[in-house]
Amino acid sequence: MSRRVSRPVRMTRRVLVGALIGGAVLLPLLPLLIWPFAHGWFFPDLLPQTWTLRTWRYLISPSARIGEALFNSLAIAASVVSLAALVGLPAARVLARAHLRGKSLIEWLFLAPLIVPGLVVAMGIHILFIRYGLADTHIGVILVHLIPALPYFVLIMGSVFANYSIELEETARTLGAGALRVFWHITLPAIAPGLTVAALFTFLVSWSQYITTVLIGGGKVITLPMLLFPFISAANHPQAAAVSLIFLAPAFVVLAFTARVLAGRPAVLGGLGRI
C-alpha cells in the first residue's frame, strides 16, 4: 500500500519546484540587473569594477526621451488591443460558429499577415499611408501594429468560441434581456479567460514592434524598441540593459495581471441572476 504524502512534504516540493522555475526564468535576467549600475565590467570579473548611477541619470533626463517612448508604447499597444477586440470578437465568433461559403479563404486571409514578412507588408502599406496622410502619425502606427496582432486575437478567440455554448444566451433572451445585457452578463464572463489571453498576446505583439514603427512612424513616433535597438547596435551595454528592464517591466505587469484574472475569473451562471 502506498503511503500518503504529508502536507508539509507537498508544500516543500511545491516551494522547490517554484524556486527552480523562478531561478530558470530570472537567472538570464541577472546581467540586465547589474549592467545599468556597472562601469568597467570586463571578463573574467564576476562583478563590475566600478558601480555608478550615470546610466540612470542619463535615462531620466529629457534628452533620453524615455518618458515619451514609454507613454507612446503603452498608448499604442492599448489602442491596438481595443481595436483588435472591436474587430476580432465578432469575426472570431462568426468564423467559429457560422457555416459560410468560402470560410477557409476568409480564415486564410486573417492568417496571411503571419505568413508574409512584416517588412514587406509595412513597405507596401507605407505607400498607401503616405497617400492618405497616415504616415508619420500615431494613428498610422496603431493601424500597422493591428495587422500582425489581429490574427493572434482571432485565432485565440476562435478557439474560445468553437467551444462556447449559446444555451445560456438563449435562456437570457427568453427572460427579456437585450443584446447588450446578454453580452455583458453572459457572453463576456464566459469568454473572459480567453479574451484576457488574446488581449495579452495582442498587447505583446504591438509592444515589441520595431520595423513597422520605424517605417510608418518615420522617426516621429518614438517607442521603446526604437530607443533600445540603437543602444544594442552600438554595444552600449549599460544603457541597453537599463532600457531593456524598462521594456520588460510592463510586459511582466500585464502577465501578472492576466494570471490574477485567470485565477479569479467570475462564474458564468452568476450572470443569469443579475438579468
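Coordinates for the structure precede this section.
Residues numbered from 1 in each chain as written. Predicted model: local features only at pLDDT ≥ 70, side-chain atom pairs only at ≥ 80, totals over all residues. Heavy atoms only, no water.

A.B. asks: Residues and numbers for unusual backbone geometry, please.
C.D. replies: Positive phi values are uncommon outside glycine, yet Arg65 reaches one of about 60°. The phi dihedral of Asp136 falls on the positive side, at around 60°, and the residue is not glycine. Residue Asp136 is classed as partly exposed on the basis of its relative accessible area, which comes to 32%. (Buried < 20%, exposed > 50% of the residue type's maximum accessible area, 1.4 Å probe, protein only.)

A.B. asks: Could you give an account of the environment of Thr223, with specific residues and numbers?
C.D. replies: Among the structural elements, Thr223 can be located in the loop between helix H10 (211–217) and helix H11 (224–233). Overall, Thr223 belongs to the buried group, its relative accessible area being 3%. Sequence separation between Thr223 and Ile125 is 98 residues, and the spatial gap between their C-alpha atoms is 20 Å. If we ignore the near neighbours within four places in the chain, the residues touching Thr223 are Ala69, Asn72, Ser73, Ile76, Gln209 and Thr213. (Helix = DSSP H or I, 4+ residues; strand = E, 2+ residues; numbered from the N terminus. Contact = heavy atoms within 4.5 Å.)

A.B. asks: Residue-level account of the packing of helix H4 (residues 66–97) against helix H9 (residues 179–207), with values.
C.D. replies: Where H4 contacts H9, the two axes come as close as 9 Å, and the packing angle between them is 135°. It follows that H4 is oblique to H9 by the angle criterion. Once H4 is placed against H9, the crossing between them reads as right-handed. Touching Leu70, Ser73, Leu74, Ile76, Ala77, Val80, Val81, Ala84, Leu89 and Arg93 of H4 are Phe183, Thr187, Ile191, Leu195, Ala199, Thr202, Phe203, Ser206 and Trp207, all from H9. Looking at the contact of H4 with H9 residue by residue, the classes come out as 14 nonpolar, four polar and one charged. (Axes fitted to C-alpha atoms, helices over the stretch in contact; angles between N-to-C directions. Parallel < 35°, antiparallel > 145°, perpendicular 65-115°, else oblique. Left-handed = near helix turned anticlockwise from the far one by under 90°. Nonpolar A, V, L, I, M, F, W, Y, C, P; charged D, E, K, R; others polar.)

A.B. asks: Provide a residue-level description of empty space enclosed by the protein, including the pertinent values.
C.D. replies: Scanning the entire structure with this criterion turns up one cavity of 30 Å³ or more. If you add up the space inside the largest cavity, you get close to 40 Å³. Lining the largest cavity are Ser73, Ile76, Ala77, His145, Ser206, Trp207, Gln209, Thr223 and Pro225. Among the secondary structure elements, those contributing two or more residues to the lining of the largest cavity are H4 and H9. For the lining of the largest cavity, the element with the highest residue contribution is H4, accounting for three residues. Partitioned by chemical class, the residues of the lining of the largest cavity number four nonpolar, five polar and no charged. (1 Å grid on protein atoms, 1.4 Å probe; cavity = no way out; pocket = protein on both sides within 12 Å on 5 of 7 lines; lining within 4 Å. Points joined across faces, edges and corners; volume = space filled by probe spheres on them.)

A.B. asks: Give a description of the packing of H4 against helix H7 (residues 138–162) that names residues and reports values.
C.D. replies: The contact between H4 and H7 brings their axes to 6 Å, and the two run at 40°. Considered as vectors, H4 and H7 are oriented oblique to each other. Crossing handedness for the pair H4 and H7: right-handed. Looking at side-chain class alone, the contact of H4 with H7 contains 21 nonpolar, six polar and two charged residues.

A.B. asks: Any details on the layout of surface pockets? Residues and values, ideally.
C.D. replies: Volume-wise, the largest pocket comes out at about 160 Å³. Lining the largest pocket, in full, are Ala92, Leu95, Ala96, Glu107, Phe110, Leu111, Pro151, Val154, Leu155 and Gly158. Looking at the lining of the largest pocket, the elements that each hand over two or more residues are H4, helix H5 (103–115) and H7. At four residues, the largest contribution of residues to the lining of the largest pocket is made by H7.

A.B. asks: Hey, could you go over the nonpolar core for me, with residue numbers and the actual values?
C.D. replies: Core analysis: the biggest nonpolar cluster contains 32 residues, and Leu89, Phe153, Met157, Phe161 and Ile191 have the highest contact counts within it. Counting only elements with at least two residues in this core, the list comes to H4, helix H6 (118–132), H7 and H9. Element by element, the count of residues in this core is highest for H7, at twelve residues. Setting aside residues up to four positions removed in sequence, Phe161 forms contacts with Leu89, Ala92, Arg93, Ala96, Arg97 and Ile191. Residues Leu59, Ala64, Val81 and Leu227 belong to the second largest nonpolar core, which totals 21 residues. (Core = buried A, V, L, I, M, F, W, Y, C linked by side-chain atoms within 4.5 Å.)

A.B. asks: Can you explain the pattern of salt bridges? Please cite residues and give values.
C.D. replies: Pairing between side chains of opposite charge can happen when their charged atoms approach one another. Evaluated as defined, the whole model comprises one salt bridge. Glu68 is the salt-bridge partner of Arg65, the closest N and O atoms lying 2.9 Å from each other. We classify Arg65 as partly exposed; its relative accessible area is 36%. For Glu68, a relative accessible area of 33% gives the class partly exposed. (Salt bridge = Lys/Arg side-chain N within 4 Å of Asp/Glu carboxyl O.)

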